[in-house]
Amino acid sequence: VSTQSTWGYQIFTGISWQMEPIDKKKSKKKDKEEEEEEEGSEEEEEEEESFEKNPAILDKYRSAAIITSDALKFVIGLCIPGADIWEVCQKGDKKIEEEVGKVYTSKKSKVKEKGIAFPTCINVNEICGHFSPLKDESRKLVEGDLVKIDLGCHIDGFIAQIAHTIVIGADKAAKKVTAKKAEVVLAARNCYEAALRLLKEGNLNTQITKMIGQISATYKVSPLEGVLSHRVKKHMIDGDDVIINKTTTDQKVEEHKFEKFEVYVIDIILSTGEGKPKDTEQRTTVYKRALETSYSLKLKHSRSFFHTVNQKYPTMPFSIASFDDGTSARVGVAECINHDLLHIYPILAEKSGEFVAQFKATAVLLPSGTLVLNDYPFDKELYETSIKIEDKEVLDLLNAPLGRKKDQKGKDKPKTCLLYTSDAADERSSVDLGGRRIIKK
């Protein structure tokens, strides 16, 4: 049985096969040989994916993270009153594609794949996630909308994701955000800041879940049920090691300790409502290939669509809004879903009139401390509320420095600085990002 997480809610898919009569002696020998080969290939793959032994992998995560930050900044600039959500999503995806096209372009880099790891989604007010609409099903942004921007990028399968919440038209001098909107945004941001500080070697995932609940209660908002922060690996956006946003009777995860050299996407989503999102009637457009299932599609449109999916998005989520042939996409999705070839990312929402806020970043656990790869700046001065955090434990955590440890003399350890340059004096101290050499300082 394999599991695939669709935004926290677990979908279990059984894998079946047929047994044929076989020679037991030959079978045992063959099984032993296959087992040894599998163990060897797993060890090689594991070693290849660990930046403990291959520092170039960390540079790929960094490069992907830089692109997500640049794309987020670009998309935020597009989110103004009157902006069409479909256009914003399309431009966001195009920005990611353009930026990945500028890095790791040389053959020496041996990068086989790069591109979108999660399509640009613009989730407004009570919409919780995955809204990347088709052109004829879009809507325009208006002043006062609480907007969550969510997107991701990968370089050679190494993933960075980011999400940020803004309010359209907010101005700290003339028009601050107040009431429920301010409370849920500030609560979500503080939960996010606390989670990143608790994400360190030796700590437990349950510590983060508990802190999310504690901060949420202070602001009288609710953690969204079913949301998971995943450990990511090469080509795996939803690894098995997770942090759950909120534990319930029906939704629990196994407790585990964080270890160095792990990479997590911290995803915090809070609501002014009950925190129990429901399916909406809006068309689902975000999907991911179900690698554990195969089927020979019958319809021509479906085969064309699925061929594109396998070529462009073999392991990452995608939006059918990005397909040029809308007819093939709509027909293809229907047949693919009927035969379990795709996992769906449904558009979920709170009750109308409620507000949902989200913050997400990618972080790496290094021996010297936790490194947040794409922490986007947040202006607290835009938000105003009478609610204050008074718990000393929480305040101490939020005021603690985020980043690397200090040496015995109390000084910060030297940090690695990546500098873009066309040449590198010392090949051994540089990383090739496709023509733009990076020097480690």
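Coordinates for the structure precede this section.
A short tour of the structure in this document, coming up. (Residues numbered from 1 in each chain as written. Predicted model: local features only at pLDDT ≥ 70, side-chain atom pairs only at ≥ 80, totals over all residues. Heavy atoms only, no water.)

## A word on the overall build of the chain
- Of the regular secondary structure elements, the chain holds eight helices and 20 strands.
- Of all 441 residues assigned to the chain, the portion counted as buried reaches 52%.
- Within the chain, contacts between residues separated by at least 24 positions form 76% of all contacts whose residues are at least 6 apart in sequence.
- For the chain, the accessible area works out to roughly 22700 Å², and carbon and sulfur atoms hold 48% of it. (Helix = DSSP H or I, 4+ residues; strand = E, 2+ residues; numbered from the N terminus. Buried < 20%, exposed > 50% of the residue type's maximum accessible area, 1.4 Å probe, protein only. Contact = heavy atoms within 4.5 Å. Areas by Shrake-Rupley, 256 points an atom, 1.4 Å probe, with all protein chains shown as cover.)

## A few points about unusual backbone geometry
- A positive phi angle, close to 60°, is found at Asp156, a residue other than glycine.
- Along the polypeptide, Asp156 turns up in the loop between strand 5 (146–155) and strand 6 (158–167).
- Positive phi outside glycine occurs at Lys220, with the angle close to 60°.
- Among the secondary structure elements, Lys220 is positioned in the loop between helix 5 (205–219) and strand 7 (222–223).

## Here we look at the environment of Ile389
- Structurally, the position occupied by Ile389 is in the loop between strand 17 (369–372) and helix 8 (392–399).
- Between the C-alpha atom of Ile389 and that of Thr218, which follows or precedes it by 171 residues, the distance is 6.7 Å.
- Dropping the residues within four chain positions of it, Ile389 is found in contact with Asn190, Ile215, Thr218, Tyr219, Val394, Leu395 and Leu398.

## Points about the nonpolar core
- Within the largest apolar cluster, 48 residues are counted, with the highest numbers of intra-cluster contacts made by Phe51, Cys79, Ile122, Leu141, Val147 and Ile149.
- Secondary structure elements with two or more residues in this core: helix 2 (56–78), helix 3 (85–100), strand 3 (114–124), strand 5, strand 6, strand 10 (263–271) and strand 16 (356–366).
- When residues in this core are grouped by element, the largest group, ten residues, is from helix 2. (Core = buried A, V, L, I, M, F, W, Y, C linked by side-chain atoms within 4.5 Å.)

## Thoughts on the packing of aromatic side chains
- Enumeration according to the criterion identifies twelve aromatic pairs in this entry.
- Here the aromatic rings of Phe118 and Tyr345 are separated by 5.7 Å at their centres, their planes lie at 75°, and the arrangement is edge-to-face. Of this pair, Phe118 sits in strand 3 while Tyr345 sits in strand 14 (residues 342–345), and the two are 227 residues apart along the sequence.
- On the basis of an interplanar angle of 55° and a centroid distance of 5.9 Å, the ring pair of Phe318 and Phe323 is categorised as tilted. Across this residue pair, the class does not change: Phe318 and Phe323 are buried.
- Three or more aromatic residues joined by ring pairs make a cluster, and in this case those are Tyr287, Phe305, Tyr313, Phe318 and Phe323. (Phe/Tyr/Trp six-rings, centres within 6.5 Å; stacked < 30°, edge-to-face > 60°.)

## Remarks on the pairing of strand 5
- Of all ten residues making up strand 5, ten are buried, and the element is well covered by its neighbours.
- Here strand 5 shows a buried face lined by Leu146, Lys148, Asp150, Gly152 and His154 and a second buried face lined by Val147, Ile149, Leu151, Cys153 and Ile155.
- As defined by bridge partners, strand 3 adjoins strand 5 across eight bridges and the pair is classed as antiparallel. In the strand pairing of strand 5, Phe118 is matched with Gly152. (Pairing = 2+ DSSP bridges.)

## Quick notes on the sheet that holds strand 15 (residues 348–349)
- Read across the sheet, three strands follow the order 4-15-11 without closing on themselves; strand pairing throughout is antiparallel. Each edge of the open sheet carries a strand with a single partner, namely strand 4 (127–129) and strand 11 (278–279).
- Here strand 11 pairs with strand 15 via two bridges, running antiparallel. Across the sheet, the residue bridging to Lys278 is Ala349, located in strand 15.

## Focus: the sheet that holds strand 12 (residues 286–289)
- With antiparallel pairing, the three strands of this open sheet are ordered in space as 13-12-14. Among the strands making up the open sheet, the edge pair consists of strand 13 (318–319) and strand 14.
- Direction of pairing for strand 12 relative to strand 13: antiparallel, over a ladder of two bridges. Among the inter-strand pairings, Tyr287 is bridged to a residue of strand 13, identified as Phe318.
- The strands that helix 6 (residues 300–312) touches are strand 12, strand 13 and strand 14; relative to strand 12, the one it contacts most, it runs at about 75°. (Axes fitted to C-alpha atoms, helices over the stretch in contact; angles between N-to-C directions.)

## Considering the pattern of salt bridges
- The final tally for this structure, using the stated rule, is 19 salt bridges.
- For Lys95, the salt bridge is made with Glu99, and the minimal N-O distance between the two is 3.3 Å. Of this pair, Lys95 and Glu99 both sit in helix 3, separated by four residues, roughly a single helical turn. Each of the two residues, Lys95 as well as Glu99, counts as buried.
- Across the pair Glu354 and Lys180 runs a salt bridge, and its minimum N-O distance is 3.3 Å. (Salt bridge = Lys/Arg side-chain N within 4 Å of Asp/Glu carboxyl O.)

## Side note on helix 5
- With 15 residues, helix 5 should cover 21 Å at 1.5 Å per step; its first-to-last C-alpha distance of 22 Å lies within 8% of that length.
- Listed as buried for helix 5 are Asn205, Ile208, Thr209, Met211, Ile212, Ile215, Ser216 and Tyr219. Buried residues of helix 5 fall within an arc of 165° about the axis and therefore sit on the same side. Facing away from the buried side of helix 5 by more than 90 degrees, the exposed set consists of Lys210 and Ala217.
- On the buried face of helix 5, the contacting elements are helix 4 (179–198), strand 7, strand 9 (242–244), strand 10 and helix 8.
- Immediately beyond the C-terminal end of helix 5, within one or two residues, lies Lys220, with a positive phi of roughly 60°. (Expected span 1.5 Å × (residues − 1). Arc of directions from axis to C-beta.)

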